[in-house]
Amino acid sequence: MKLFIDTANIEEIKEINEWGVICGVTTNPSLIAKEGRDFKEVVKEIADIVDGPISAEVISLDKEGMLREARELVKIHPNIVIKIPMTKEGLKAVKVLAEEGIKTNVTLIFSANQALLAARSGATYVSPFVGRLDDISNEGIYIIEDIVQVFNIHNINTEIIAASIRHPIHVLDAAKAGAHISTIPYKVFGQMVDHPLTDIGIDKFLKDWEGLQIK
Ligand code: E4P
């Protein structure tokens, strides 16, 4: 499973990119709004840091508006992927963009049927939201398992991005379920690194080292 970072914060992206573990970035309007900066400027900066797919989401709700925004956004950088909401108008836009060779990431997926429709309309990626399903007491990881199964049976090559990841167990479960990608918030990357036994181990090694007596 590949790892993307789910943020629009440049410092967070730089830090995790230095670890060498990410190969893409996803943003959404809420994440961009948090930064309080020009959308296109932020996306351009991100694309200059990470050499991989960078998802930038449209705001329009109608097909024509989505297409207009998408065609502008792809001018920013060749790695831009257009994030489109899972709606009827969204599917129409995905179809046209696929015909134009523009990559799309269909977002706000909450069922395997939605993922199937998005894939059939030509989506490059689908983003099922695990955490938001958990929030309403629906076991979010099951949707990843369902989509993986359906895509495998029918040889669908749209990639599955496990999104709305809230903690390290989501990441592990998504990997075991067969998601192609997990898009992970900055904080969760930190939680994945940390382990108390690692810290205790380092302390012990250093203490023993300090007590080294050459015989
Ligand atoms: C996906 O691409 C979205 O940006 C994101 O994962 C949403 O996560 P949230 O439910 O924590 O807002």
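Residues numbered from 1 in each chain as written. Predicted model: local features only at pLDDT ≥ 70, side-chain atom pairs only at ≥ 80, totals over all residues.

**Things to note about the site of the ligand**
Thinking step 1. Around the ligand sit D6, T26, N28, T107, S127, F129, G131, R132, A163, S164 and T183, and that is every residue in its neighbourhood.
Thinking step 2. Its residues assigned to classes, the shell around the ligand shows two nonpolar, seven polar and two charged. (Near = placed C-beta within 6 Å. Nonpolar A, V, L, I, M, F, W, Y, C, P; charged D, E, K, R; others polar.)

**Focus on unusual backbone geometry**
Thinking step 1. For L108, which is not glycine, the phi torsion reads 65° and is therefore positive.
Thinking step 2. As for its position among the elements, L108 is in strand β5 (residues 104-109). (Helix = DSSP H or I, 4+ residues; strand = E, 2+ residues; numbered from the N terminus.)

**Here's the deal with the confidence of the model for the protein chain**
Thinking step 1. Chain-level pLDDT for the protein chain is 97 on average; 100% of the residues reach the 70-or-more range.
Thinking step 2. Predicted as a complex, the structure gets a pTM of 0.96 and an ipTM equal to 0.97. (pLDDT = per-residue confidence, 0-100.)

**What to know about the sheet that holds strand β4 (residues 80-85)**
Thinking step 1. With parallel pairing, the eight strands of this closed barrel are ordered in space as β1-β2-β3-β4-β5-β6-β7-β8.
Thinking step 2. Pairing of strand β7 (residues 159-162) with strand β8 (residues 181-184), which is carried by two bridges, proceeds in the parallel orientation. By the bridge assignment, A162 is partnered in β8 with S182. (Pairing = 2+ DSSP bridges.)

**Here's the deal with the packing of helix α1 (residues 10-19) against helix α3 (residues 39-49)**
Thinking step 1. The contact between α1 and α3 brings their axes to 10 Å, and the two run at 10°. Judged by the inter-axis angle, α1 sits roughly parallel to α3. Here I10, I13, K14 and N17 of α1 come into contact with α3, specifically with E45, I46 and I49.
Thinking step 2. Partitioned by chemical class, the residues of the contact of α1 with α3 number four nonpolar, one polar and two charged. (Axes fitted to C-alpha atoms, helices over the stretch in contact; angles between N-to-C directions. Parallel < 35°, antiparallel > 145°, perpendicular 65-115°, else oblique. Contact = placed C-beta atoms within 7 Å.)

**Some words on helix α6 (residues 112-121)**
Count 3.6 residues to each turn of an α-helix, and residues three or four apart come out pointing the same way.
Thinking step 1. Listed in full, the buried residues belonging to α6 are A112, A115, A118, A119 and S121.
Thinking step 2. In this fold, the buried residues of α6 make contact with α5 (88-99), β5, β6 (125-128) and α8 (141-153). (Buried ≥ 20, exposed ≤ 12 C-beta atoms within 10 Å, placed from the backbone.)

**Things to note about the nonpolar core**
Thinking step 1. A70, I82, A118, V126, I144 and A162 are the most contacted members of the largest nonpolar core, which has 54 residues in total.
Thinking step 2. It is α8 that contributes the most residues to this core, five residues altogether.
Thinking step 3. Filtering out sequence-adjacent residues up to four positions away, A118 remains in contact with M86, L91, V94, V106, I109, A123 and V126. (Core = buried A, V, L, I, M, F, W, Y, C linked by C-beta atoms within 7 Å.)

**Topic: the UniProt feature "active site" (unreviewed entry) in the protein chain**
Thinking step 1. Here the UniProt feature "active site" (unreviewed entry) sits at K83.
Thinking step 2. With respect to the helices and strands, K83 occurs in strand β4.
Thinking step 3. The contact partners of K83, leaving out residues within four places of it in the chain, are N28, S55, A56, E57, V58, N105 and T107. (UniProt positions renumbered as here; feature names shortened; annotations may be inferred.)

**Considerations on the pairing of strand β1 (residues 2-6)**
Thinking step 1. Here β1 runs beside β8; their pairing, made up of four bridges, is parallel. The partner of I5 across the bridge, within β8, is I184.
Thinking step 2. Pairing between β1 and strand β2 (residues 25-26): two bridges, direction parallel. The partner of D6 across the bridge, within β2, is T26.
Thinking step 3. Taken together, β1, α1 and β2 constitute a β-α-β crossover, and its handedness is right-handed. (Right-handed = clockwise from strand over helix to strand, strands pointing away.)

**Notes on the packing of α8 against helix α9 (residues 168-177)**
Thinking step 1. Packing of α8 against α9 leaves a shortest axis separation of 9 Å and a crossing angle of 20°. With respect to α9, the axis of α8 lies roughly parallel. α9 is crossed by α8, and the crossing has right-handed handedness. Residues I141, I144, E145 and V148 of α8 form the contact with α9, whose own contacting residues are D173, A174 and A177. (Left-handed = near helix turned anticlockwise from the far one by under 90°.)

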